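Spelled out, the chains give:
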Amino acid sequence: MTHRGNPVTDQINSHIYIFCSDCARNGKTLLARLFCGNFPNTGPNQFHIFDTDGPHGDIATYFPENSEIVDFSKTIGRMKLFDSIMSTPERTYVIDLQSTLLDDFFKTYRNIDFDLEARAAGIGVVIYYIVDRDNQSFQNARNLESKTNLAEFILVKNEAIEKRANYNPQSEDVVSLDHLRAAHLPVLSDDLLNLLEQEEFSLFDFMAGKEIALAYDLKLELWNLLDFFYSQRAPDSQGITHFI
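Residues numbered from 1 in each chain as written. Predicted model: local features only at pLDDT ≥ 70, side-chain atom pairs only at ≥ 80, totals over all residues. Heavy atoms only, no water.

> Can you break down the overall build of the chain residue by residue, with the values?
Along its length, the chain carries nine helices and seven strands. Its C-alpha atoms give the chain a radius of gyration of 18 Å, within 12% of the compact-globule value 18 Å for 244 residues. For the chain, the C-alpha atoms occupy an extent of roughly 55 × 45 × 35 Å along the three principal directions. Sorting the 244 residues of the chain into buried and exposed places 51% on the buried side. Sequence-distant contacts, at least 24 apart, represent 73% of the contacts inside the chain between residues at least 6 apart. Accessible area of the chain: about 12000 Å², with a carbon and sulfur share of 47%. (Helix = DSSP H or I, 4+ residues; strand = E, 2+ residues; numbered from the N terminus. Rg over C-alpha atoms; globule rule 2.2 N^0.38 Å. Buried < 20%, exposed > 50% of the residue type's maximum accessible area, 1.4 Å probe, protein only. Contact = heavy atoms within 4.5 Å. Areas by Shrake-Rupley, 256 points an atom, 1.4 Å probe, with all protein chains shown as cover.)

> Describe in detail unusual backbone geometry, supporting the description with residues and values.
In most cases, non-glycine residues show a negative phi, while peptide bonds are predominantly trans. Across the junction of G54 and P55, the peptide omega takes the value 5°, indicating a cis bond. Along the chain, the position of P55 falls in the loop between β2 (48-51) and β3 (67-69). Even without being a glycine, R25 presents a positive backbone phi close to 55°. Judged by relative accessible area, R25 falls into the exposed class, the value being 85%. Its identity is not glycine, yet D113 carries a phi of approximately 55°, on the positive side. Position of D113 among the secondary structure elements: in the loop between α3 (102-111) and α4 (114-120).

> Give me α3: which residues, what numbers.
Since one α-helical turn is 3.6 residues long, residues separated by three or four positions face the same way. Buried residues of α3: L102, F105, F106, T108 and Y109, and no others. All buried residues of α3 fall inside an arc of 155° around its axis, so they share one side. Among the exposed residues of α3, those oriented more than 90 degrees off its buried face are D103 and N111. Where the residues of α3 are buried, they touch β1 (14-20), α2 (75-87), β4 (93-96), α4, β5 (123-131) and α5 (135-145). Immediately downstream of α3, the backbone of D113 shows phi near 55°, a positive value. (Arc of directions from axis to C-beta.)

> How would you summarise the layout of surface pockets if you had to cite specific residues and measurements?
Approximately 580 Å³ is the volume attributed to the largest pocket. For the largest pocket, the lining is made up of 22 residues, of which R25, N26, G27, K28 and L30 are closest to its centre. At the level of elements, α1 (28-37) and α7 (190-197) are the ones that each hand at least two residues to the lining of the largest pocket. Looking at the lining of the largest pocket element by element, the count peaks at four residues for α1. (1 Å grid on protein atoms, 1.4 Å probe; cavity = no way out; pocket = protein on both sides within 12 Å on 5 of 7 lines; lining within 4 Å. Points joined across faces, edges and corners; volume = space filled by probe spheres on them.)

> Before we move on, can you summarise the packing of α1 against α7 with the specific residues and values?
Orientation of α1 relative to α7, taken along the N-to-C sense of each, is 65°, at an axis distance of 11 Å. For the pair α1 and α7, the sense of crossing is left-handed. Packed against α1, whose contacting residues are L30, R33 and L34, the element α7 presents L193, L196 and E197 at the interface. (Axes fitted to C-alpha atoms, helices over the stretch in contact; angles between N-to-C directions. Left-handed = near helix turned anticlockwise from the far one by under 90°.)

> So, the nonpolar core: which residues are in play, and what are the values?
Core analysis: the biggest nonpolar cluster contains 38 residues, and F35, Y128, F201 and L222 have the highest contact counts within it. Breaking this core down by element, the ones donating at least two residues are β1, α1, β5, β6 (152-158), β7 (182-185), α7, α8 (203-207) and α9 (216-232). Per-element tally for this core: the top contributor is α1, with six residues. Setting aside residues no more than four positions away along its own chain, Y128 makes contact with Y17, I18, F19, C20, F35, I154, V156, H242 and I244. In terms of nonpolar packing, the next biggest core, distinct from the first, is built from 36 residues, I18, C20, F106 and V174 among them. (Core = buried A, V, L, I, M, F, W, Y, C linked by side-chain atoms within 4.5 Å.)

As far as function goes, none of this settles anything; it's purely spatial.
Laid out in structure tokens, this is it:
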């Protein structure tokens, strides 16, 4: 895909939500799953997920009708993802990006001027970057944010991640990201994590008030989690407020 010189527009009609990190096992897919769970899962056209955890997928097992597993380690897989988005720009897209693919993904993203292509098509890009309690992770986030100028870049801090030995909250890399909106993922109980792992559990149905047989403490923790997310919401540069 090459940039066609379309004018950049401020009219945003749809969004791509990219969940990514430079580190594995830090809550990235969990956050993406919670995010996707707030959509009504009533058919394949509600939203579309690109799961890069091939060949079997991860988040795709929870939303099979809405998901596509993409082999982003190959050029054809990379171009298929970006071309699919541009061919149907009116849809909502979610990309759960494996940490090992972070550099390759955003290298392609920059090489094809996807920032400009998406904006010209009326697509807003929102990047949720889950950062480790590690100075190198903040440095990697800083480098990426500086190269994605037209995207909404949100730093996500998972409170369940332990601080590492080389983490210094006063370091230049950490302080330099203070201008970004930061979202937080709170520590969740094992019971709630187990519930969210169940493929048949629907967060949308829970929020809609449909009868779900859950223990009172578990229901309360789930509502508290949703309230926690709600309290962090803030309009982006386009005045649009997102679920997280």
